[in-house]
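Tertiary structure, described
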Amino acid sequence: MAGLLRLKSTSVALRTFRQSSQRARPGRCSCSSSASGRIRRSFASDQDPYKLVPDIPIPEQSVAEVAAALQEDRLARFIDCRSEGEQGSGVVEGSVNLPYPHNGDDELIDVGEWLEDVEYEEFDKTTKIFVGCRKGHRSAMACEVLIKAGFTDVTNMKGGMLEWSRSELPMAPYTG
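Quick notes on the overall build of the protein chain
Secondary structure assignment for the protein chain yields 5 helices and 5 strands. Reading the protein chain from its N end, one meets helices and strands in the order α-β-α-β-β-α-β-α-β-α. Here the protein chain, with 176 residues, has 46% of them falling under the buried criterion. Excluding contacts between residues fewer than 6 apart, the proportion of contacts in the protein chain whose partners are at least 24 apart in sequence is 70%. If you sum the accessible surface of the protein chain, you get close to 9,100 Å²; carbon and sulfur atoms cover 48% of it.

Overview of the sheet that holds strand E4 (residues 129-132)
One open sheet holds the 5 strands; their spatial order is E1-E5-E4-E2-E3, and the pairing between them is parallel. With partners counted over all chains shown, the strands left at the sheet margins are strand E1 (60-61) and strand E3 (96-97), one partner each. Relative to E4, strand E2 (residues 77-80) runs parallel, the two being bridged by 4 bridges. Directly across from Asp80, in E4, lies its bridge partner Gly132. Sitting on the sheet, helix H4 (residues 137-148) touches E2, E4 and strand E5 (154-157), and the angle it makes with E5 is about 175°.

A few points about the pattern of salt bridges
According to the stated counting rule, one finds 6 salt bridges in the structure shown. A salt bridge links Asp55 to Lys148, with the shortest nitrogen-to-oxygen separation between them at 3.7 Å. In this pair, Asp55 is assigned in the loop between helix H1 (34-43) and E1 and Lys148 in helix H4, connecting sequence segments 93 residues apart. Classification of Lys148 as partly exposed rests on a relative accessible area of 28%. Across the pair Lys128 and Asp153 runs a salt bridge, and its minimum N-O distance is 3.3 Å. Within this pair, whereas Lys128 is found in the loop between helix H3 (111-120) and E4, its partner Asp153 is found in the loop between H4 and E5, the two being separated by 25 residues in sequence. Given a relative accessible area of 23%, Lys128 falls into the partly exposed group. For Asp153, a relative accessible area of 27% gives the class partly exposed.

A word on the pairing of E5
Residues Val154 and Asn156 of E5 are buried on one face, and the alternating residues Thr155 and Met157, pointing to the opposite face, are buried as well. The pairing of E1 with E5 spans 2 bridges and is parallel. Pairing of Gln61 across the sheet is with Met157, part of E5. As paired elements, E4 and E5 share 3 bridges and run parallel to each other. Paired with Phe130 across the two strands is Thr155, which belongs to E5. Taking the sense of rotation as the criterion, the β-α-β connection linking E4, H4 and E5 turns out right-handed.

Thoughts on the confidence of the model for the protein chain
Looking at the protein chain, the pLDDT average stands at 77 and 70% of residues meet or exceed 70. Under a pLDDT of 50 for its full length, residues 1-47 has, in the predicted model, 80 contacts with residues more than four places off or in other chains.

Conventions and cut-offs
- Residues numbered from 1 in each chain as written.
- Predicted model: local features only at pLDDT ≥ 70, side-chain atom pairs only at ≥ 80, totals over all residues.
- Heavy atoms only, no water.
- Helix = DSSP H or I, 4+ residues; strand = E, 2+ residues; numbered from the N terminus.
- Buried < 20%, exposed > 50% of the residue type's maximum accessible area, 1.4 Å probe, protein only.
- Contact = heavy atoms within 4.5 Å.
- Areas by Shrake-Rupley, 256 points an atom, 1.4 Å probe, with all protein chains shown as cover.
- Pairing = 2+ DSSP bridges.
- Axes fitted to C-alpha atoms, helices over the stretch in contact; angles between N-to-C directions.
- Salt bridge = Lys/Arg side-chain N within 4 Å of Asp/Glu carboxyl O.
- Right-handed = clockwise from strand over helix to strand, strands pointing away.
- pLDDT = per-residue confidence, 0-100.

Structure follows, in structure tokens:
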């Protein structure tokens, strides 16, 4: 269901960037999928758990290109990874809200659980997926997670929803 926020509480959450001295240790989180397990371990390794630069190249398109692609390809999907609070300014019509890497608070969202939410929303690994956030940094990280999990057609929306709004592209009200 679009707009339905399905976040589960995590018993073993990654520590926030404010607690960077307490790095998450590899192997602490359990995961049912080996693909997402590899992602979690690479995300929660000795690196800062709140990184803003993907480890792999991420395809990007401008907001105008994304809007045109969503209009032309009715099977294309859009993940809005902004927090629920950020969505008050409006959303891309038909988007699915899956906040990443946090939901507006200090607790990071577990990568494995985020991928479960993607699966729950019935995203196919071959579907064209566009991902956006406020400026484009968090969505690039979400794209990295999707690509490493085997999704084959993932694109970051360059400039995020701020650029979408500046370009005066159509927005729908967030209905929660």
